[in-house]
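Structural overview for review
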Amino acid sequence: MPNANNILKSTLKCIREEECINSTWVRNPLNLLAVIKPYVAISEEEKNDIIKISIDNVLQFSRNDGGFANSLKDEYGTTDGCSQAIITRNALRDWVGLEPLIIPNTDSFLRTLQSAQKL
């Protein structure tokens, strides 16, 4: 993979410094990092930042109706927000070495994210 280390650096900079404004913003860096992961050495600190920041960001989109919004301005969960949250959940499960869940359970997912956020 050409420039994998540069991709890692710029993606980490984006995750750490840019404002997360929609649910796709959480998912896209995780997808990109999954592609380059076999080609770079990702430190434990970087891995922990990726996981923690992604969890914090996706929680911004959880809504009282049990769904996930697509943008910060959405009052209720949306189809796109929920699908992004499911994709993000499975990407985060991969980062911690767990198998993806086939049938999503939003309540348990939200509780898991909130528990992880306290770490």
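Coordinates for the structure precede this section.
Residues numbered from 1 in each chain as written. Predicted model: local features only at pLDDT ≥ 70, side-chain atom pairs only at ≥ 80, totals over all residues. Heavy atoms only, no water.

1. Some remarks on the packing of aromatic side chains
Stated precisely, the cut-off is as follows: Each Phe, Tyr or Trp ring, with Trp reduced to its six-membered ring, pairs with another whose centre is within 6.5 Å; inter-plane angles below 30 degrees give stacked pairs, above 60 give edge-to-face pairs, and intermediate values give tilted ones. By the criterion adopted, a ring carries a charge over it if an Arg CZ or a Lys NZ lies within 6 Å of its centre and within 35 degrees of its normal.
Scanning all chains against the criterion turns up 0 aromatic pairs. Its end group placed over the ring of W95, K37 keeps NZ or CZ at 4.1 Å from the ring centre.

2. So, the nonpolar core
Filter applied, for reference: To qualify as a nonpolar core, a set must consist of buried Ala, Val, Leu, Ile, Met, Phe, Trp, Tyr and Cys residues joined through side-chain atoms within 4.5 Å. Accessible area is worked out with a 1.4 Å probe on protein chains only. A residue is then buried under 20% of its type maximum, exposed over 50%, and partly exposed in between. Runs of H or I in DSSP of at least four residues are treated as helices and runs of E of at least two as strands, each being numbered from the N terminus. For this analysis, residues touch if any pair of their heavy atoms sits within 4.5 Å.
Residues L33, I50 and L113 are the most contacted members of the largest nonpolar core, which totals 26 residues. Here this core gets 6 residues from one element, more than from any other, and that element is helix α3 (residues 44-59). For L33, the residues in contact, after removing those within four places along its chain, are L8, T11, I15, I50 and W95.

3. Thoughts on the pattern of salt bridges
Should the charged atoms of two oppositely charged side chains come close, the side chains can pair. Using the following cut-off: Just to be clear on terms, a salt bridge is a Lys or Arg side-chain nitrogen sitting within 4 Å of an Asp or Glu carboxyl oxygen.
If you walk through the whole model with that rule in mind, you get 4 salt bridges. Here K13 and E17 are joined by a salt bridge, their closest N and O atoms 2.6 Å apart. With K13 and E17 both in helix α1 (residues 4-17) and 4 residues apart, this pair spans about one turn of that helix. A relative accessible area of 48% means that K13 is categorised as partly exposed. For E17, a relative accessible area of 54% gives the class exposed. Between K37 and D94 there is a salt bridge whose closest N-O contact spans 3.1 Å. One end of the pair, K37, is in the loop between α2 (23-36) and α3; the other, D94, is in helix α4 (residues 79-95), with 57 residues separating them in the sequence. Accessibility expressed as a relative area gives 41% for D94, which makes it partly exposed.

4. Structural notes on unusual backbone geometry
In this structure, N3 takes a positive phi of about 60° despite not being glycine. Mapped onto the secondary structure, N3 falls in the segment before α1. Relative accessible area serves as the criterion here: at 54%, N3 is assigned to the exposed category.

5. Notes on the environment of I55
Note that I55 resides in helix α3. In this structure, the C-alpha to C-alpha distance between I55 and L110, residues 55 residues apart in sequence, is 9.9 Å. The contact partners of I55, leaving out residues within four places of it in the chain, are L92, L113, A116 and Q117.

6. Brief notes about the side chain of R27
In this structure, R27 sits in helix α2. When sequence neighbours within four positions are dropped, the list of residues in contact with R27 reads Q84, I87 and T88.

7. Side note on the state of the cysteines
Stated precisely, the cut-off is as follows: The disulfide criterion used throughout: a pair of cysteine sulfur atoms within 2.5 Å.
Applying the stated criterion across every chain, the model contains 0 disulfides. With no disulfide of its own, C20 has C14 as its nearest cysteine by sulfur position, at a separation of 9.2 Å. Distance from the sulfur of C82, which forms no disulfide, to the nearest cysteine sulfur (C20) is 15 Å.

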